[in-house]
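# An overview of the molecular structure
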Number of protein chains: 2
Amino acid sequence: MKYNVLPLSRLIEQFASLPGIGRKTAQRLAFYVLTMSKEQAQAFSSAIMDAHEKIHYCSVCRNYTDKETCEICDDPSRDRSVICVVEDAKDVAAFERTREYRGLYHVLGGLISPMDGIGPDQLFLKELLSRVNDGTVKEVIMATNPTIEGEATAMYIGKLLKPLGVTVSRLAYGVPVGSDLEYADEVTLYKAIENRSTM
Amino acid sequence: MKYNVLPLSRLIEQFASLPGIGRKTAQRLAFYVLTMSKEQAQAFSSAIMDAHEKIHYCSVCRNYTDKETCEICDDPSRDRSVICVVEDAKDVAAFERTREYRGLYHVLGGLISPMDGIGPDQLFLKELLSRVNDGTVKEVIMATNPTIEGEATAMYIGKLLKPLGVTVSRLAYGVPVGSDLEYADEVTLYKAIENRSTM
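Here is what the cut-offs are and how they apply
- Per chain, residue numbering runs from 1 following the sequence as it is written.
- Whichever chain is written first becomes A and whichever ligand is written first becomes 1, with later ones labelled in order.
- Selection of residues for local features in this predicted model requires a pLDDT of at least 70, selection of side-chain atom pairs for listing and counting requires 80 or more, and totals for whole chains, interfaces and linings are taken over all residues.
- Note: side-chain values were computed over all heavy atoms of the structure, leaving out hydrogens and water.
- Labels follow the DSSP assignment, with helices taken as runs of H or I lasting at least four residues and strands as runs of E lasting at least two, numbered in each case from the N terminus.
- By this rule the span expected of a helix is its residue count minus one, scaled by 1.5 Å.
- The classification of residues rests on relative accessible area computed with a 1.4 Å probe and restricted to protein chains. Under 20% of the type maximum is buried, over 50% is exposed, and intermediate values are partly exposed.
- Contacts between residues were defined by any pair of non-hydrogen atoms, one from each residue, lying within 4.5 Å.
- The convention used is that axes are lines fitted to C-alpha atoms, helices contributing only their stretch in contact, and that angles between N-to-C directions extend from 0 to 180 degrees.
- A clockwise turn of the near helix away from the far one marks a right-handed crossing, whereas an anticlockwise turn of less than a right angle marks a left-handed crossing.
- Only Asp, Glu, Lys and Arg are considered charged in this grouping, and only Ala, Val, Leu, Ile, Met, Phe, Trp, Tyr, Cys and Pro are considered nonpolar; every other residue, Gly among them, is considered polar.
- Between any two strands, at least two bridges found by DSSP are needed for them to pair.
- Residue ranges labeled as domains rest on an automatic or database domain assignment.
- Summed over both partners, the accessible area (1.4 Å probe) lost when two parts come together is defined as the buried area.
- Salt bridges are defined as contacts in which a side-chain nitrogen from Lys or Arg sits within 4 Å of a carboxyl oxygen from Asp or Glu.

Attention now moves to helix H2 (residues 23-35) of chain B. The end-to-end C-alpha distance of H2 of chain B is 19 Å, a good match for the 18 Å that 13 residues give at a rise of 1.5 Å each. Every buried residue of H2 of chain B is listed here: Ala 26, Gln 27, Leu 29, Ala 30, Phe 31, Val 33 and Leu 34 of chain B. Looking at the buried side of H2 of chain B, the elements it contacts are helix H3 (38-54), strand E2 (64-65) and helix H5 (89-97) of chain A together with helix H1 (6-16) and helix H3 (38-54) of chain B.

Below, the discussion takes up unusual backbone geometry. One non-glycine residue, Arg 99 of chain A, lies in the positive phi region at around 55°. Tracing the backbone shows Arg 99 of chain A in the loop between H5 and strand E4 (103-107).

Residue and element names in this part refer to chain B. Close contact between helix H6 (residues 125-133) and helix H7 (residues 148-161) brings their axes to 11 Å; oriented N to C, the two are set at 35°. In this structure, H6 meets H7 at a crossing whose hand is right-handed. Of the residues in H7, those in contact with Leu 125, Leu 128, Leu 129 and Val 132 of H6 are Tyr 156, Ile 157, Leu 160 and Leu 161. Among the residues forming the contact of H6 with H7, the class breakdown is eight nonpolar, no polar and no charged.

Residue and element names in this part refer to chain A. The strand order across the open sheet built from four strands is E4-E3-E5-E6, with neighbouring strands paired in parallel fashion. Edge strands, defined here as strands with exactly one partner in the open sheet, are E4 and strand E6 (167-170). The sheet shows a mean angle of 25° between the axes of neighbouring strands, taken without regard to direction. Note: strand E3 (residues 79-86) against strand E5 (residues 139-142), four bridges, orientation parallel. Residue Val 82 lies in a different strand from E5, and its bridge partner there is Glu 139. Contacting E3 and E4, H5 runs over the sheet at an angle of about 160° to E4.

So, on to the domain arrangement of chain A. Entries for chain A in the domain assignment read domain 1 (6-54) and domain 2 (64-198). Averaged C-alpha coordinates put domain 1 of chain A and domain 2 of chain A at centres separated by 34 Å.

This paragraph deals with the interface of chain B and chain A. Listed by partner, the interface residues are 59 residues for chain B and 59 residues for chain A. Each partner contributes to the roughly 5300 Å² buried at the junction of chain B and chain A, and carbon and sulfur atoms together form 70% of this total. Where chain B touches chain A, the interface holds two salt bridges. For Asp 50 of chain A, the salt bridge identified is with Arg 10 of chain B, shortest N-O distance 3.4 Å.

Here's what the structure looks like:
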């Protein structure tokens, strides 16, 4: 905006600094905030500070939590012999939505990526090794993204874990359910044929 | 999320309640807030309350402002003989981006829409009439959207204003600059031919 309503342009700035929010959307959201009731604006504003202040890493699996350990680590019904290793907390949420996986998680907090200067030391790897070392874990599922960094990280961690006597597994590759084969890339299709199962 | 980190799911709710923000985006934004520095989160949080508390309608044109009257109404270099009538403050911002229009604005705060139960009384029409009545205004440009409601509102207000002895004009119809004729609808194309100009 050429003319300058300072509190408004500041709010637009704030929205525009969020990932995936362009200037147009930021403006739309800021104007929407002006139409909120005072209570709604208050709730939105304090939800931000609240989340920011109260949420931190679970001391066991590095998932987000507002307690000492997260609800998954605390849940006595979860299978403590399996750990699913993921890149970040969003992936935990994704696996939880399947409602099928009943084991625990370990959040790495990133992937090994020499290009971005991220080595194994920047990940929560020591924490994973000490969890595996305590004897109750039988299998570790490497559930990092099927990308170059994800593969490299899975390989690296797999090599570290195997000497400890646990099974290390990797997510299955194949065609996504509900997708169109026409648009599947050739590597995925090849993997889908290679790993075919009898009907 | 099945498992429940209350401050996080509350923040996701808040983002998801914004227009055009789905659950996936809301989750992504909420996770992003967790990675902000404390100062960033604070700035975001207070920008919301700040904008909400300090911004209100300009007492003259009903644009948003944090003062008694808005910067446009206050600007002595603007042409006080022309008023551009728009649906809402977002439209003011859009016209200001052209950097060409030098007159004033009047924000209606909506369009006449019997379907949504919005009649002329819910718009800032009395305010417009008293501005036109004070004698300095020579032209009123009806700059509502080229939709059914926008047209109806422009027609209605035009009929009210003409007896007051001001010129009432309407935005030009035609093909948008930079667009592809192939995708223009027939009414727009017809209007573009009808209103053609000599080169």
